[in-house]
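# Overview (structure and organization)
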Amino acid sequence: MAATSAYTLAEATEMLTLCKTALRELISGQAKAYRVGSREFTALNIDELKDWIIYFSDIVEALSGKARTTRVARVVPRDL
């Protein structure tokens with residue numbers, strides 16, 4: 001049975017790119033937390049972004065067919 005996902009390959013690739021960009025901006029200090037009027041923005045922390053990157057990279061790998069799978073072969077030994 002094949003693995004199923006709610007994402008297409010294009011969507012998962014786009015989300016992976018967005019997560020990597022957000023991590024790059026968070027590390028460089030461009031996106032932390034700020035408030036404008038009554039609205040407030042707080043960026044994700046680095047550990048959460050790393051988890052999302054791992055999640056989406058696994059989905060991209062599975063959907064692109066590059067994931068390694070174990071193959072099981074059934075062999076019936078015969079005495080010749």
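Preceding this paragraph is the structure being described.
Per-chain numbering applies: the sequence of each chain, read as written, is numbered from 1 onward. Thresholds applied to this predicted model are a pLDDT of at least 70 for local features of residues and 80 or more for the giving and counting of side-chain atom pairs; totals over whole chains, interfaces and linings are not thresholded and use all residues. Values reported for side chains reflect all heavy atoms of the structure, with hydrogen atoms and water molecules removed beforehand.

## Points about the pairing of strand β2 (residues 39-42)
Strands are treated as partners if at least two bridges between them are detected by DSSP. Here a helix means four or more residues in a row that DSSP labels H or I, a strand means two or more in a row labelled E, and each is numbered from the N terminus. Of the strand pairs in this sheet, strand β1 (residues 33-36) and β2 are connected by four bridges, and their pairing is antiparallel. From the neighbouring strand, Tyr34 faces β2, where its bridge partner is Phe41. With antiparallel pairing between neighbouring strands as the criterion, β1 and β2 make up a hairpin whose turn holds two residues, including Gly37 at a positive phi of roughly 65°.

## Section: the packing of aromatic side chains
Two aromatic rings, taken as a pair, are described by how far apart their centres are and by the angle between their planes. Working definition: a ring pair exists when centres of Phe, Tyr or Trp rings (six-membered ring for Trp) sit within 6.5 Å. Plane angles under 30 degrees give stacked, over 60 give edge-to-face, the rest tilted. Inspection of the entire model under this criterion finds four aromatic pairs. Centroid distance Tyr7 to Phe56: 5.3 Å. Interplanar angle 80°. Geometry classified as edge-to-face. Remark: Phe56 occurs in helix α2 (residues 46-64) and Tyr7 occurs in the segment before α1 (9-28); sequence separation between them is 49 residues. Relative accessibility under 20% of the residue-type maximum defines a buried residue, over 50% an exposed one, and the middle range a partly exposed one, all with a 1.4 Å probe and only protein chains included. What makes Tyr7 partly exposed here is its relative accessible area of 28%. Plain terms: the ring middles of Trp52 and Tyr55 are 5.8 Å apart, the flat faces sit at 85° to each other, and that makes the pair edge-to-face. With Trp52 and Tyr55 both in helix α2 and three residues apart, the pair spans about one turn of that helix.

## Points about the environment of Lys32
For Lys32, the location among the structural elements is in the loop between α1 and β1. Between the alpha carbons of Lys32 and Thr42 there is a distance of 6.1 Å; along the sequence they are ten residues apart.

## Focus on α2
Expected span of a helix, by definition, is 1.5 Å for each gap between consecutive residues, and there is one gap fewer than residues. Given a rise of 1.5 Å per residue, 19 residues ought to cover 27 Å, and the 27 Å separating the end C-alpha atoms of α2 matches this to within 8%. Leu49, Ile53, Phe56, Ile59 and Val60 are the residues of α2 that are buried. Buried residues of α2, viewed axially, fall in a sector of 130°; they line one side. Structural note: α2 exposes Asp47 and Asp51 on the side pointing more than 90 degrees away from its buried face. Any pair of residues with heavy atoms lying within 4.5 Å of one another is described as a contacting pair. Next to the buried residues of α2 lie α1. Phi turns positive one or two residues past the end of α2, at Gly65, with a value near 85°. The arc in question is the one traced by the directions running from the helix axis out to the C-beta atoms.

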